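Structural characterization, general
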Amino acid sequence: HIVVLNHVAPTGRAGHGLLNPDPTAWQLHTNVNLLGTVYGIKAFVPRMIEAGHPGHVLATTSGAGGTGTMYGNGPYTTTKAAIRLLFFAGSSIEYE
């Protein structure tokens, strides 16, 4: 089994810098990009485990998540970096 998660918050505009953050954009990016990935894992991984078959979760992210806020969009780059760290933290998911 393979689960592919791809989330991009639709802010409709670029340039949400760190010095002039838009709280609405931060909340939207957190809810869609980061929590969408977390909820996707929570929805599918238990079923994969119950099925007894090996599986993989692939969460697409962005190169911007590794370059910081150089693109001028703090909420986007921060949440994409968080997704990278979520998967980097461990190569396996333990389910209780």
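In this report, we go over the structure that sits alongside the text. (Residues numbered from 1 in each chain as written. Predicted model: local features only at pLDDT ≥ 70, side-chain atom pairs only at ≥ 80, totals over all residues. Heavy atoms only, no water.)

**Remarks on helix H3 (residues 74-88)**
Note the cut-off: Under the scheme used here, helices are H or I runs from DSSP no shorter than 4 residues and strands are E runs no shorter than 2 residues, and both carry numbers assigned from the N terminus. To estimate how far a helix should reach, multiply one less than its number of residues by 1.5 Å. With a 1.4 Å probe rolled over the protein chains alone, any residue whose accessible area is under 20% of its type maximum counts as buried; one over 50% counts as exposed, and the rest are partly exposed. Any two residues whose heavy atoms approach within 4.5 Å are treated as being in contact.
Across its 15 residues, H3 extends 21 Å between first and last C-alpha, which sits within 8% of the 21 Å expected from 1.5 Å per residue. Within the span of H3, buried status applies to Gly-74, Pro-75, Thr-77, Thr-79, Lys-80, Ala-81 and Ile-83. Looking at the buried residues of H3, the elements they touch are helix H1 (23-51), strand S2 (56-59) and helix H2 (64-67).

**Description of the pairing of strand S1 (residues 2-5)**
Threshold: When DSSP finds at least two bridges between two strands, those strands are taken to pair.
The two faces of S1 differ: Val-3 and Leu-5 on one face are buried, but Ile-2 and Val-4 on the other face are not. The pairing of S1 with S2 spans four bridges and is parallel. Of the residues in S2, the one forming a bridge with Val-3 is Val-57.

**As for the side chain of Thr-77**
Topologically, Thr-77 is positioned in helix H3. Using a relative accessible area of 3% as the deciding quantity, one classes Thr-77 as buried.

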